[in-house]
Amino acid sequence: MNRDLFEIWDECLAMIRENVPEQTYSTWFEPIKPVSLDDDALLTIMVPSDFFYEYLETHFIKVMKTAIRKVLGPEGRLEYNIMMDNDANKPVVVRQPSVDRTNTKNPPKPIQIDFDSSEQTIHNPFVFPGIKKINIESNLNENYSFDNFVVGECNRVAHEAGLSVAKNPGKTSFNPMFIFSPTGMGKTHIAQAIGLETKKYHPELTVLYVNAEQFIMQFLSSCRNNNSKSNTRNDFVHFYQMIDVLIVDDIQFMAGKNATQDAFFHIFNHLQQTGKQLIFTCDKPPAELKDMEQRLISRFKWGLSAEMSTPDVDVRCNILKRKAFTEGVELPDEVVTYIAEHIKTNVREMEGFLISLVAQSSLNRKAITISLAKQMVERFVNNSSHEVTINYIINVVCDEMGTSQADFFTASRKRNVVQARQLSMYLSKKYTKSSLIVIGEQCGGKDHATVIHALKTVANLLETDKQFKAMAEKIEKNLQ
């Protein structure tokens, strides 16, 4: 090799950096040092601990190997030097070859679907067109199983309904199943868990998970390729109409895409009428979807709409313990509790913080203690704390008061719903710089006078109702 080792590794890092989040890159790739490159294109890199090695192999090996082979050619290979501690507390280097550990336990097996006529062809939007057999992989992540899902009051309805759907797909009243929540609450996990569980009970069925953005890109591609010789738009619709259990993640991304919605409508109708199962996830309930055809919204409401709310402290602690166990990390109970109490609204953010904490511990060869956790929280969490927005306030208020967001945004005059709206307006005035008009619009389309009335009502309740005051103070503490 004529090129400098560090130059080669920098080229690899540049490609990796384009394909992972910036924080992930800083945590997992900046500490790596290139060691050597032999004539057989074997690249050796130094990582600071065995945990680093395990984590890279489990989560990033595909992007790493892709980058290495682009830089070194198809013969490019990877090996690690791992810094270990011996009894004398002196570093010892252990050589370890790269082994792709992703999906090694139960690699997905493609389902072969043959057509009656050998001359008939159809385009699979997940592979190159022009094949006579359709290989349909479920696109499910084995890590997103029910075994790895922590159940609490925040997600019990979705969990129980999901198990019922998996046992009898298309034969329950939960069809379609519409799962909604803010970002990071586990919608994707439970949707994929339903798919995985369905395959256990019904291995003969074709299960497919697809993100709405991927679905849209496939549809646009089919429209561009549509011509007299190859009617790929019809093929696209026909392909999806063959699925037995269709899981579409983040359905809200179809908003405003009229042509895509029209194609999806025909897919939905066919699957529904033929007894197939439909599962959708969304960041809001069907009634709040904007720029979505009413005929689709009405169909989303046919089955079950299951809300997943913010998990409480106990559930967050259990999630952290499960994540630590999965990563093979021993985590003191006081550290678990501290993290759960300080990262409250987003499970994904909380799990990401845990991995960063473990990485820092491994990199600096420090034990995971409450002191280290506090330092990390002050450094990473407090400096990038959740922005207190009106929507965030509404989420916290509804969660604490046990009010569904579906009711919150209706004209319901139930006492708990009205108080949730009024308290949200009061806290929005206190914690945001939004005008009363904006607050009213975002709290259910209320006018300026309604917001003023809400502020006076809440101020009076805080002075006269001890129970209401205690609840409001608890909500304010969660906002801070």
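By convention here, each chain's residues receive numbers from 1 onward along its written sequence. Where local features are concerned, this predicted model is filtered to residues with pLDDT of at least 70; where side-chain atom pairs are given and counted, the filter is 80 or more; whole-chain, interface and lining totals use all residues. To get the side-chain values, all heavy atoms of the structure are used, and hydrogens and water are removed first.

Chemist: Help me understand the overall build of the chain in this model?
Modeler: What the chain contains, in helices and strands, is 20 helices and 11 strands. Remark: exposure states derive from per-residue accessible area (1.4 Å probe, protein chains only) relative to the maximum for the residue type, with buried under 20%, exposed over 50%, and partly exposed in between. Looking at the 480 residues of the chain, the share that counts as buried comes to 47%. Any two residues having at least one pair of non-hydrogen atoms within 4.5 Å are treated as being in contact. Pairs at least 24 residues apart make up 70% of the contacts formed inside the chain by residues separated by at least 6 positions. Per-residue accessibility takes into account occlusion by the displayed protein chains alone, with areas from the Shrake-Rupley method and a 1.4 Å probe. Looking at the chain as shown, the accessible area adds up to about 24,300 Å², and 48% of this sits on carbon and sulfur atoms. To qualify as a helix, a DSSP run of H or I must reach at least 4 residues; to qualify as a strand, a run of E must reach at least 2; elements of each kind are numbered from the N terminus.

Chemist: Would you take a moment to explain the packing of helix 17 (residues 415–431) against helix 20 (residues 466–479) for this structure?
Modeler: Geometrically, a packed helix pair is captured by the angle between its two axes and the distance between the axes. Between helix 17 and helix 20, the least distance of the axes is 12 Å, while the angle of their chain directions is 50 degrees. When the axes of helix 17 and helix 20 are compared, the pair comes out oblique. The two elements helix 17 and helix 20 cross, and the hand of that crossing is right-handed. Residue-level inspection shows Q419, L423, L427, K430 and Y431 of helix 17 in contact with helix 20, the latter providing F468, A472, I475, E476 and L479. Throughout this entry, Asp, Glu, Lys and Arg are counted as charged residues, while Ala, Val, Leu, Ile, Met, Phe, Trp, Tyr, Cys and Pro are counted as nonpolar. The remaining residues, Gly among them, count as polar. In the contact of helix 17 with helix 20, the residues fall into seven nonpolar, one polar and two charged. Lines fitted to C-alpha atoms define the axes here, with helix axes fitted over just the stretch in contact, and angles between the N-to-C directions of these axes take values from 0 to 180 degrees. These descriptions rest on fixed angle ranges, namely under 35 degrees for roughly parallel, over 145 for roughly antiparallel, 65 to 115 for roughly perpendicular, and the rest for oblique. Helix crossings fall into two classes, left-handed where the near helix is turned counterclockwise from the far one by less than a right angle and right-handed where it is turned clockwise.

Chemist: I tried to follow helix 13 (residues 347–364) on my own but got confused; where do I start?
Modeler: Since the α-helix turns once every 3.6 residues, residues separated by three or four places project in the same direction. Compared with an ideal rise of 1.5 Å per residue, which puts 18 residues at 26 Å, helix 13 spans 26 Å between its outermost C-alpha atoms and is within 8% of the ideal. Taken together, the buried positions of helix 13 are V347, M350, F353, L354, I355, S356, L357, V358, A359, Q360, S361 and S362. The positive-phi residue at the C-terminal boundary of helix 13 is R365, with phi of around 55 degrees. The span one expects for a helix is its residue count, reduced by one, times 1.5 Å.

Chemist: Teacher, can you tell me more about the side chain of S356 here?
Modeler: With respect to the helices and strands, the residue S356 is situated in helix 13. Its relative accessible area of 11% is what places S356 among the buried residues. In contact with S356, not counting residues within four places along its chain, are Q23, T27 and M376.

Chemist: Looking at this model, I keep getting lost on the nonpolar core. Mind explaining?
Modeler: Soluble globular proteins tend to pack their nonpolar side chains together in the buried interior. By size, the foremost hydrophobic cluster in this structure holds 57 residues, and its most contacted members are W28, F29, L56, M64 and Y80. For this core, the leading source of residues is helix 13, giving eight residues. Apart from the residues within four sequence positions on either side, M64 is in contact with I16, F29, I45, L56, L78 and Y80. The nonpolar core is taken to be a set of buried Ala, Val, Leu, Ile, Met, Phe, Trp, Tyr and Cys residues, with the residues joined through side-chain atoms within 4.5 Å. Judged by nonpolar contacts, the second largest core, of 32 residues, contains F236, I267, M292 and L296.

Chemist: Please clarify how the packing of aromatic side chains should be interpreted in this entry.
Modeler: Aromatic ring pairs: the centre-centre distance and the angle between the two ring planes describe each pair. Stacked, edge-to-face and tilted labels apply to pairs of Phe, Tyr and Trp rings (six-membered ring for Trp) whose centres lie within 6.5 Å, assigned for plane angles under 30 degrees, over 60, and everything in between, in that order. By the definition in use, this model includes 18 aromatic pairs. Ring centres 5.3 Å apart and planes at 85 degrees place the aromatic pair F239 and Y240 in the edge-to-face group. The class of F239 is buried, set by a relative accessible area of 0%. An aromatic cluster is built from F178, F215, F219, F236, F239, Y240, F264, F268, F280, F300 and W302, whose rings are joined through pairwise contacts. To sit over a ring, a charge needs its Lys NZ or Arg CZ within 6 Å of the ring centre and within 35 degrees of the ring normal. Here the basic side chain of R295 rests over the ring of F265, its NZ or CZ set 3.8 Å away from the ring centre.

Chemist: Before we go on, may I ask you to explain the environment of M64 in this structure?
Modeler: Tracing the backbone shows M64 in helix 4 (residues 61–72). As a C-alpha pair, M64 and N19 span 45 residues in sequence and 9.9 Å in three-dimensional space.

Chemist: Whenever I open this one, the environment of E307 confuses me. Can you help?
Modeler: Relative to the helices and strands, E307 resides in strand 11 (residues 304–307). On the accessibility criterion, E307 (26% relative accessible area) is partly exposed. If we skip the residues at most four places from it in the chain, E307 touches C154, F180, S404 and Q405.

Chemist: What am I meant to see in the sheet that holds strand 9 (residues 245–249) here?
Modeler: The strands that make up a sheet pair up through hydrogen bonds in the backbone, lying either parallel or antiparallel. Spatial strand order, 8-9-10-7-11: five strands in an open sheet with parallel pairing. Two strands close off the open sheet at either side, each with one partner strand: strand 8 (207–211) and strand 11. Mean inter-strand twist for the sheet, computed between neighbouring axes without regard to direction, equals 15 degrees. As paired strands, strand 8 and strand 9 are joined by five bridges and run parallel to one another. Each bridged residue has a counterpart across the sheet, and for V207 the counterpart in strand 9 is V245. At least two bridges found by DSSP between two strands is the condition for calling them paired.

Chemist: I keep staring at the packing of helix 5 (residues 156–167) against helix 6 (residues 187–201) and nothing clicks. Help me out?
Modeler: Between helix 5 and helix 6, the least distance of the axes is 8 Å, while the angle of their chain directions is 30 degrees. With respect to their mutual orientation, helix 5 and helix 6 come out roughly parallel. Our pair here, helix 5 against helix 6, has a crossing hand that is right-handed. Touching A158, H159, G162, V165, A166 and K167 of helix 5 are I190, I194, E197, T198 and Y201, all from helix 6. The class makeup of the residues in the contact of helix 5 with helix 6 is six nonpolar, three polar and two charged.

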